[in-house]
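The lines below spell out each chain.
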Amino acid sequence: MLLLNQAFMMLWEAILENATLVIMLLLVLLVAWGYWVIKGRHKKLAYRVAGVLSAIVAVIGFFVLPMLFKASLADLNYWVDWAFHLTMVVALLVYAYLVLLPLMTGLIGAEHRA
């Protein structure tokens, strides 16, 4: 439990330090779902496509995210560093899924059959 508590505390500090980025990411999320409301509401949600693409984003993020904090994977020496890093990767996976799901549905989702 201490591991999760420490990871979420570090995640909260990162959110506070990058408030402008967080606000921009929330706006992107709102725009994606707004697009779905306009273009894709009558289509089946493209869960599989969004899941695969978000997993690819998370794998790339595993290697790229440390650079955003001026570090590398080699700099992750302590369990707290790894807990924070893995929490950030999971957060990226969830965020990418939530953004890609409405976009992929609007672009390629199958029509509902009546």
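Residues numbered from 1 in each chain as written. Predicted model: local features only at pLDDT ≥ 70, side-chain atom pairs only at ≥ 80, totals over all residues. Heavy atoms only, no water.

## Side note on the confidence of the model for the protein chain
Confidence in the prediction for the protein chain averages 83 pLDDT; 94% of positions are at 70 or higher. Mean pLDDT values over the elements of the protein chain span from 79, in helix H1 (residues 2-17), up to 91, in helix H3 (residues 47-68). (pLDDT = per-residue confidence, 0-100. Helix = DSSP H or I, 4+ residues; strand = E, 2+ residues; numbered from the N terminus.)

## Quick notes on helix H4 (residues 79-108)
Taking 1.5 Å of rise per residue, the 30 residues of H4 would be expected to cover 44 Å, and the 41 Å separating its terminal C-alpha atoms lies within 8% of that figure. Its maximal kink placed at Leu100, H4 deviates by approximately 30 degrees, while the proline Pro102 follows within four residues. (Expected span 1.5 Å × (residues − 1). Bend = angle between axes of the 7 residues up to and from the residue.)

## A short note on the nonpolar core
One finds Leu11, Ala14, Ala58, Leu65, Phe84, Met88 and Val89 forming the largest nonpolar core, which totals seven residues. The element best represented in this core is H4, accounting for three residues. The contacts of Ala14, once residues within four sequence positions are left out, are Phe69 and Phe84. (Core = buried A, V, L, I, M, F, W, Y, C linked by side-chain atoms within 4.5 Å. Buried < 20%, exposed > 50% of the residue type's maximum accessible area, 1.4 Å probe, protein only. Contact = heavy atoms within 4.5 Å.)

## Considerations on the environment of Leu100
Counting through the fold element by element, Leu100 comes out in helix H4. Sequence spacing of Leu100 and Tyr78 is 22 residues, and the spatial spacing of their C-alpha atoms is 33 Å. If near-sequence neighbours (up to four positions away) are discounted, Leu100 is found in contact with Ala50, Leu53 and Ser54.

## Focus: the side chain of His85
One can find His85 in helix H4. Ignoring anything within four residues of it in the chain, the contact list for His85 reads Gly61, Phe62, Leu65, Pro66, Leu73 and Leu76.

## Brief notes about the packing of H3 against H4
Where H3 contacts H4, the two axes come as close as 7 Å, and the packing angle between them is 145 degrees. Classified by chirality, the crossing of H4 by H3 is right-handed. Looking at the contact of H3 with H4 residue by residue, the classes come out as 22 nonpolar, four polar and no charged. (Axes fitted to C-alpha atoms, helices over the stretch in contact; angles between N-to-C directions. Left-handed = near helix turned anticlockwise from the far one by under 90°. Nonpolar A, V, L, I, M, F, W, Y, C, P; charged D, E, K, R; others polar.)

## Quick word on the environment of Leu29
By the secondary structure assignment, Leu29 is in helix H2 (residues 19-40). Assessed through its relative accessible area of 18%, Leu29 is described here as buried. With 21 residues separating them in the primary sequence, Leu29 and Ala50 have C-alpha atoms 14 Å apart. In this structure Leu29 touches Tyr95, Leu98 and Val99, once residues within four positions along its chain are discounted.

## What about the packing of H1 against H4?
Where H1 contacts H4, the axes come no closer than 8 Å and their chain directions differ by 65 degrees. It follows that H1 is roughly perpendicular to H4 by the angle criterion. Here H1 runs over H4; the crossing is right-handed. In this structure, H1 contributes Leu2, Leu3, Gln6, Ala7, Phe8, Met10, Leu11 and Ala14 to the contact, and H4 contributes Trp79, Val80, Ala83, Phe84, Thr87 and Met88. Grouping the constituent residues of the contact of H1 with H4 by class yields twelve nonpolar, two polar and no charged. (Parallel < 35°, antiparallel > 145°, perpendicular 65-115°, else oblique.)

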